[in-house]
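Residue-level structural notes
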Amino acid sequence: MTVETAAPVRYRLRLKKGRERSLELRHPWLFTGAIDEIQALPGATPGDLGDVVDSNGRFLARGTVQPDSQIVCRIFVWEDTPIDRDFFVARLAAARRWRGECISADHTDAYRLVHSEGDELPGLVVDRYGPLLAVQTLTAGMHRLQPLWLDALEETLAPEAIVERGQEGRREPVADGPAVVLRGTWAHTLLEVREHGLRYRFDALGGQKTGLYLDQRENRALVRRHAAGARVLDLFGYVGGFGIAAGAGGASDVTVVDSSAPALAFARVNWESNGLAPDLLRTHDVDGFEFLRRTEETWDRIVIDPPPLARTRTSLERALRAYKDLNLWAFVRARPGALIWTFTCSQQVSHDLFQKVVFGAARDAGASVQWLARLGAGPDHPVHLDHPQGEYLKGLWLRVLQPGRAPRPREKKP
Ligand code: SAH
């Protein structure tokens, strides 16, 4: 379907007097508390576009509206301009221009092309995997605008196919389903991409996220540079991203742990297709928390990349205990001089909070630890200064001078 016309504007959101501040600061989320009145035109459906006006009726911004949500409007433009195909073509072109600068196409053909608010396209995520584009719509509004951005994606990027991927990150309910091919034809399930010259194969229609965890690309390259001769543990390894990078960097042996057996099967395939010796890789399809607690092995390099443990504010307490436990045991299983890369991808956990938890774990374990750097997602995951919430991946690079001691059983953390 080709839509030439602009998407209709069917809501009008009038702000309470004096509540223009967040819009003046160009924050792309408008919260319900600032709204005096929502007028719905005939036929308005949640997700439709709406205009935000001040208490005198003056136009301020336009975005997608979810009347019952805390975030009542996600702003697309601060000018009275139409949201049409040209709008998406222009924003996609800008997003693509930056990737052309920050990604070296000779070595890498998998990267995030559109990072939602970070690219001024709230609710839209587009990942490029070679000839394939994998999209995720995080909001009902962006889902509704699909015909417009699909046309724009085809026009701007001419991909072989566009698929819609797992909706686990979605913030609002939208009619759900498995991965679907939205444009073009895509019959393969396997896809192989290159990252800094390494080959990664994965399930292009199943699997997790949009296929790979592209946000860790630069951190995998960092681990590779520091892996020579080391015993490496890749905890929560998925299809072996960090482990294979470490193997390519000359690790003496690599252990990948993940609770997903299909992911680990890919890890083995990827290990071997990068020419690494099969007997240097071990995979364990077990719980990562249990593994670290029970193993008696020690490592020179440990990567800890768990799934988001705190998805909501209420689960934050539990998540912080889990992060502390994980990191505490990593300090116990580390060898003197070991490097640890430890991550959180929970939106609710800030850099400062994560650091506090990890440092607390080191203290409790009695480990002596240096802090080398704070880490985050690569430059293909831009965070707009007006929307700091877009920074979800945080990490710490640490060096263990003196490993910790295992807590006695009665002191064991839950
Ligand atoms: N490090 C990976 C991405 C990890 S994402 C990379 O660079 O590609 C988190 C991983 O944790 C997923 O693969 C998921 O299958 C796994 N996982 C989730 N819960 C787990 C658990 N309790 N124990 C072990 N693995 C788990």
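As the structure is a prediction and not an experimental result, all values here were calculated from the model.

About the thresholds
Residues numbered from 1 in each chain as written. Predicted model: local features only at pLDDT ≥ 70, side-chain atom pairs only at ≥ 80, totals over all residues. Heavy atoms only, no water. Helix = DSSP H or I, 4+ residues; strand = E, 2+ residues; numbered from the N terminus. Rg over C-alpha atoms; globule rule 2.2 N^0.38 Å. Buried < 20%, exposed > 50% of the residue type's maximum accessible area, 1.4 Å probe, protein only. Contact = heavy atoms within 4.5 Å. Areas by Shrake-Rupley, 256 points an atom, 1.4 Å probe, with all protein chains shown as cover. Lys, Arg positive; Asp, Glu negative; His and termini not counted. Charge placed at Lys NZ, Arg CZ, Asp CG, Glu CD. Salt bridge = Lys/Arg side-chain N within 4 Å of Asp/Glu carboxyl O. Pairing = 2+ DSSP bridges. Axes fitted to C-alpha atoms, helices over the stretch in contact; angles between N-to-C directions. Polar contact = N/O pair within 3.5 Å; in protein donor to acceptor, adjacent residues only side chain to side chain. Expected span 1.5 Å × (residues − 1). Near = heavy atom within 4 Å. Nonpolar A, V, L, I, M, F, W, Y, C, P; charged D, E, K, R; others polar.

Quick notes on the overall build of the protein chain
Counting its secondary structure elements, the protein chain contains ten helices and 20 strands. Computed over the C-alpha atoms, the radius of gyration of the protein chain is 23 Å, within 12% of the 22 Å expected from 2.2 N^0.38 for a compact globule of 414 residues. Considering the protein chain as a whole, with its 414 residues, one finds that 54% of them fall into the buried category. Partitioning the contacts of the protein chain with sequence separation of at least 6, the portion at a separation of at least 24 is 66%. For the protein chain, the exposed surface amounts to about 17900 Å²; the carbon and sulfur share of it is 51%. Taking the 54 positively charged and 53 negatively charged side chains of the protein chain as two groups, their mean positions are separated by 6 Å.

Some thoughts on the pattern of salt bridges
Here the structure, examined in full by the defined rule, presents 30 salt bridges. Across the salt bridge formed by E272 and R268, the nearest N and O atoms sit 4.0 Å from each other. Of this pair, E272 and R268 both sit in helix α7 (residues 261-273), four residues apart, roughly one helical turn. The exposure class of E272 is partly exposed, given its relative accessible area of 39%.

Describing the sheet that holds strand β9 (residues 132-137)
Strands sit in the order β7-β8-β9-β10-β11 across an open sheet of five strands; the sheet is mixed. The sheet is open, and its two borders are formed by β7 (110-115) and β11 (180-184), each paired with just one other strand. For this sheet, the mean angle separating the axes of adjacent strands, direction not counted, is 25°. Looking at chain direction, strand β10 (residues 161-164) and β11 are connected through four bridges and run antiparallel. Bridge assignment links V163 to a residue of β11, and that residue is V181. Helix α4 (residues 146-157) rests against β7, β8 (124-129), β9, β10 and β11 of the sheet, and its axis sits at about 50° to β11.

Examining the side chain of R231
With respect to the element layout, R231 can be found in strand β14 (residues 231-235). Within the structure, the side chain of R231 is placed 3.0 Å from the side chain of D253, a separation counted as a polar contact. Not counting residues up to four positions away in its chain, the partners in contact with R231 are S252, D253, R282, E297, T298, W299, D300, R301 and R335.

Points about helix α9 (residues 316-333)
The terminal C-alpha atoms of α9 lie 26 Å apart, and with 18 residues this matches the ideal 26 Å at 1.5 Å per residue to within 8%. Of all the 18 residues making up α9, 14 are buried; the element is thus mostly covered by neighbouring parts of the structure.

Thoughts on unusual backbone geometry
Peptide bonds are, in most cases, trans, and in most cases residues other than glycine have a negative phi. Positive phi, normally seen in glycine, also occurs at E120, with a value near 60°. One non-glycine residue, Y238, lies in positive phi territory at about 50°. Within the element layout of this structure, Y238 appears in the loop between β14 and α6 (241-248).

Considering the site of the ligand
Around the ligand lies a shell of 16 residues, among which R220, D258, D287, G288 and D305 are the nearest. Measuring from a nitrogen atom of the ligand, one finds a backbone N or O atom of F236 at 3.1 Å. Protein chains bury 89% of the 580 Å² of accessible surface belonging to the ligand in isolation. Residue composition of the shell around the ligand, grouped by class: seven nonpolar, five polar and four charged.

Focus: the sheet that holds strand β20 (residues 394-402)
Taken together, the seven strands give an open sheet; going across it, the order is β16-β15-β14-β17-β18-β20-β19, and neighbouring strands pair in mixed fashion. Edge positions in the open sheet fall to β16 (281-284) and β19 (368-376), since each of these has one partner strand only. Pairs of neighbouring strands in the sheet enclose a mean axial angle of 15°, with direction left out of account. With five bridges joining them, β14 and strand β15 (residues 253-257) adopt parallel strand pairing. Opposite V232, over in β15, you have V254 as the bridge partner. The strands that helix α10 (residues 351-365) touches are β18 (334-344), β19 and β20; relative to β20, the one it contacts most, it runs at about 20°.

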